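Analysis of the macromolecular model
The lines below spell out each chain.
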2 protein chains.
Amino acid sequence: MRATTIHAPRDIRVSDVPDPTIGAPTDAVVKVVAGCICGSDLWSYRGENDIDAGSTIGHECVGVVEAVGSEVTSFAPGDFVIVPFDHCDNTCAHCRAGMQAACENLGFTVSGQAEYALVTQAEGSLVKTDGTPDDAMIPSLLTLADVMATGWHAAVSAGVREGGTAVVVGDGAVGLCGVLAASVMGAETVIAMSRHEPRQAIARQFGATHIVAERGDEGAEAVRELTRGVGGDAVLECVGNDAAMKQAFAVARPGATVGFVGVPHGVELPIRRMFQKNIGLAGGMAPVRQYLPELLKLVQDGTIDPGLVFDADLPLAEVAEGYRRMDEREAIKVLIRP
Amino acid sequence: MRATTIHAPRDIRVSDVPDPTIGAPTDAVVKVVAGCICGSDLWSYRGENDIDAGSTIGHECVGVVEAVGSEVTSFAPGDFVIVPFDHCDNTCAHCRAGMQAACENLGFTVSGQAEYALVTQAEGSLVKTDGTPDDAMIPSLLTLADVMATGWHAAVSAGVREGGTAVVVGDGAVGLCGVLAASVMGAETVIAMSRHEPRQAIARQFGATHIVAERGDEGAEAVRELTRGVGGDAVLECVGNDAAMKQAFAVARPGATVGFVGVPHGVELPIRRMFQKNIGLAGGMAPVRQYLPELLKLVQDGTIDPGLVFDADLPLAEVAEGYRRMDEREAIKVLIRP
């Protein structure tokens, strides 16, 4: 099959690789209808993560079931499915506790930007749509494989509550989905910290009541002013670097929780401030499968349209251009069609 | 008055210092009936915190109101009161949210091991007992000024729930109070990590169902075995150093929260594990006033007897001996009578 591969920093190619096949009775193979590029793919692209030269890349996709293993009974070829980036059996103790991201049989999508993707633990991981969805709904469905579920996880982890104040640090696709999540969960004030006009516009569409363009001390001061000197009741850290984490703790009120979902890189937690102000940290890799049925319902009934985070739609052949645009912040998130 | 003062590492004296006086209308002066030595006092004693030579030390006490400022209307000379180590107005936005440890008018007891202590924000901070308590109840009442409230805060922060599993890291007085708190809150399994037989005995009296004497990987393995391979639902970190924090994260199940209340010293948080396993961190300085009415009721009705953590009772003149015993772990916690 044709698949996106990475060979070195900034060296993204489309290569011929072996088709995935059913290797275990719990596997399924999905023919990818749409995949996309994740902010976390850029860590490899920029050489900040180790690269296994020639390996496939991409962990987000939706598509049609092509083949299933003998233990996969709820899905059959032809079903349109959302593929959580983190595969889980949905039956182990961690899954039963809602923590599918720590499943004892955890697996990952490794060729989401390709013609086919292998799903380990297909029975526990996949979720079907009601029939074959309209093309217009594909982008929003695709966000449920990772980015929307991850933004939702940030909001859940931060403890967003009806009537409260949520502050979102990071205006990437995850941050924007965090804004949408906080808004759907009923936060009365949703403050998006963003300096980029097109992202601010989406944040407003997603329910942000205020935009704070300042960063650092000025950003913290702006949030304080918007929250009557108190700080945010719930703070969503949707980047993963040290500056964003420090910003998150700076805008959190005493007793609040920072919900973090960005893969941490070079983060040093401000433990003294955490202690003195009782500001907690919760979150991590999103248990996508936990949220998927609820989020699918919200997409299918039109309550949310998280697909708006895609501002570019490229054929697989142009995937390298997609990486370039995201790396240079020309695009928020790029959809890839095999 | 006679007061405990610190002059250099391991140099604790009883000195004559000026009596505290009412300096602000929100002040009260309390004649100390009993004070005690806190594990956190040992940071200074060991030279790990800066020392202001000749300053008074001690932040835990109970006693009788001696004088009040003009704005203190709920207390009068003669009232027996618990003095939260962290004073608060109990009216600001943070206090109203239950986070009195971050009060806008935060103050601290600074001469708890002395004849008199000044309480700033007396109206918001103090809690009266029902009449003058029996001598036998003094130790338990004294724990409410800090150590029992702090153990309680660890349990609240860790999210201890009825029927769940709680693991307590640290067998100092705070850890033992954490065991008691987890037990009172209904945890079905309470695992105390302790290597010291006398402390194990108190842990059992306080409701520990299991003792794990191993540490490090072996300790984590022992907890895993006791929790059917899953880990603790709630973990109380009651020490504040790096080894204890790492232990706490090692025994927590995915999705759990580590409740931390030990003043952090040299702690490096395992952020990768936190992310990958979704293990949160919450807690900090205890909002003593928040818990005080509830805990006082539990002491007065005999439900809890946290005073058992005191295994030494010394006159003020021997306070230096008390520090020595706690430093050398000959005593768990030392009560000081002026």
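Up top is the structure these notes are about.
Here we summarise the structure given alongside this text. (Residues numbered from 1 in each chain as written. Chains lettered and ligands numbered in written order. Predicted model: local features only at pLDDT ≥ 70, side-chain atom pairs only at ≥ 80, totals over all residues. Heavy atoms only, no water.)

1. Points about the environment of T165(B)
All names here are of chain B. Assignment of secondary structure puts T165 in strand β11 (residues 165-169). Between the C-alpha atom of T165 and that of A252, which follows or precedes it by 87 residues, the distance is 10.0 Å. Not counting residues up to four positions away in its chain, the partners in contact with T165 are T189, I191, T227, G232, D233 and A234. (Helix = DSSP H or I, 4+ residues; strand = E, 2+ residues; numbered from the N terminus. Contact = heavy atoms within 4.5 Å.)

2. With respect to the relation of the copies chain A and chain B
Note that the two copies of the chain are related through a rotation about an axis and a translation along the same axis. The transformation that overlays chain A on chain B combines an axial shift of 0.0 Å with a rotation of 180 degrees, and the residual RMSD is 0.0 Å. Here the transformation between the copies is reduced to the relation of a two-fold axis. No C-alpha of chain A lies nearer the rotation axis than that of L281(A), which sits 2.6 Å from it. (Least-squares fit on C-alpha atoms with pLDDT ≥ 70 in both.)

3. Description of helix α5 (residues 147-158) of chain B
Residues and elements named next belong to chain B. In a regular helix each residue adds 1.5 Å, so 12 residues correspond to 16 Å; α5 covers 16 Å between its end C-alpha atoms and thus fits that length. Every buried residue belonging to α5 is among V147, M148, A149, T150, G151, W152, H153, A154, A155, S157 and A158, and all of these are buried. Contact partners of the buried residues in α5: α4 (138-143), α6 (173-184), β14 (232-237), β15 (252-260), β16 (280-283) and α11 (288-300). Downstream of α5 by one or two residues, G159 has phi in the positive range, about 75 degrees. (Expected span 1.5 Å × (residues − 1). Buried < 20%, exposed > 50% of the residue type's maximum accessible area, 1.4 Å probe, protein only.)

4. Quick word on helix α5 (residues 147-158) of chain A
Of all 12 residues that make up α5(A), 11 are buried, and the element is covered over most of its length. In this structure, the buried side of α5(A) is in contact with α4 (138-143), α6 (173-184), β14 (232-237), β15 (252-260), β16 (280-283) and α11 (288-300) of chain A.

5. Quick notes on the pairing of strand β2 (residues 11-16) of chain A
Residue and element names in this part refer to chain A. Here six bridges tie strand β1 (residues 2-8) to β2, and the two strands are oriented antiparallel to one another. Residue pairing for β2: A3 is matched across the bridge by S15. Where β1 hands over to β2, the hairpin turn is made up of two residues, of which R10 adopts a positive phi near 65 degrees. (Pairing = 2+ DSSP bridges.)

6. Topic: the packing of aromatic side chains
For the structure on display, the rule yields six aromatic pairs over all chains. Ring geometry for F275(A) versus F260(B): centroids 5.8 Å apart, planes at 65 degrees, classification edge-to-face. Taken together, the positions of F275(A) in helix α10 (residues 271-277) and F260(B) in strand β15 put the pair across two chains. Of the two residues, F275(A) and F260(B), both sit in the buried class. (Phe/Tyr/Trp six-rings, centres within 6.5 Å; stacked < 30°, edge-to-face > 60°.)

7. With respect to a negative patch on the surface
A cluster of acidic side chains, namely E214(A), D217(A), E218(A) and E225(A), defines a negative patch on the protein surface. Note that E218(A) resides in helix α8 (residues 216-226). (Patch = residues over 30% accessible without salt bridge, like charges linked within 9 Å, V, L, I, M, F, W, Y side chains within 5 Å. Areas by Shrake-Rupley, 256 points an atom, 1.4 Å probe, with all protein chains shown as cover. Salt bridge = Lys/Arg side-chain N within 4 Å of Asp/Glu carboxyl O. Lys, Arg positive; Asp, Glu negative; His and termini not counted. Charge placed at Lys NZ, Arg CZ, Asp CG, Glu CD.)

8. Here's the deal with a nonpolar patch on the surface
All names here are of chain A. On the surface, L106, F108 and V110 cluster together into a nonpolar patch covering about 250 Å² of accessible area. Residue placement: L106 occurs in the loop between α2 (93-96) and β8 (107-108). What makes L106 partly exposed here is its relative accessible area of 33%.

9. Some thoughts on the sheet that holds strand β2 (residues 11-16) of chain B
All names here are of chain B. A sheet is described by the order of its strands in space; here three strands give the open sequence β2-β1-β4, paired in antiparallel fashion. The open sheet has two free edges, formed respectively by β2 and β4 (55-56), since each of these has just one partner strand. Across two bridges, the pairing between strand β1 (residues 2-8) and β4 is antiparallel. Bridging across to β4, I6 finds its partner in S55.

10. Describing the environment of A317(B)
Structurally, A317(B) is set in the loop between β17 (312-315) and α12 (319-327). Taking the C-alpha atoms as reference, A317(B) lies 16 Å from R10(B); in sequence the two are 307 residues apart.

11. Structural notes on the environment of H87(B)
All names here are of chain B. By the element assignment, H87 lies in strand β7 (residues 86-87). In this structure the C-alpha to C-alpha distance between H87 and G107, which are 20 residues apart in sequence, comes to 4.7 Å. Not counting the four nearest positions on each side in its chain, H87 is found in contact with C103, N105, L106, G107, F108, T109, L118, V119, T120, Q121 and S125. Within the local environment of H87, its side chain forms a polar contact with the side chain of T120, the two groups lying 3.1 Å apart. (Polar contact = N/O pair within 3.5 Å; in protein donor to acceptor, adjacent residues only side chain to side chain.)

12. So, the sheet that holds β1(A)
Strand pairing in a sheet is mediated by backbone hydrogen bonds. Such pairs are either parallel or antiparallel. All names here are of chain A. Taken in spatial order, the three strands line up as β2-β1-β4 in an open sheet, and their pairing is antiparallel. Looking at which strands have only one partner, the edges of the open sheet turn out to be β2 and β4 (55-56). The sheet contacts of helix α12 (residues 319-327) involve β1 and β2, and relative to β2 the element is tilted by about 160 degrees. (Axes fitted to C-alpha atoms, helices over the stretch in contact; angles between N-to-C directions.)

13. Details of the pattern of salt bridges
All names here are of chain A. Taken as a whole and judged by the stated rule, the model has 32 salt bridges over all chains. D242 is the salt-bridge partner of K246, the closest N and O atoms lying 2.9 Å from each other. On the criterion of helical spacing, the pair formed by K246 and D242 is a turn pair, its members being four residues apart in helix α9 (residues 242-251). The class for K246 is partly exposed, based on a relative accessible area of 40%.

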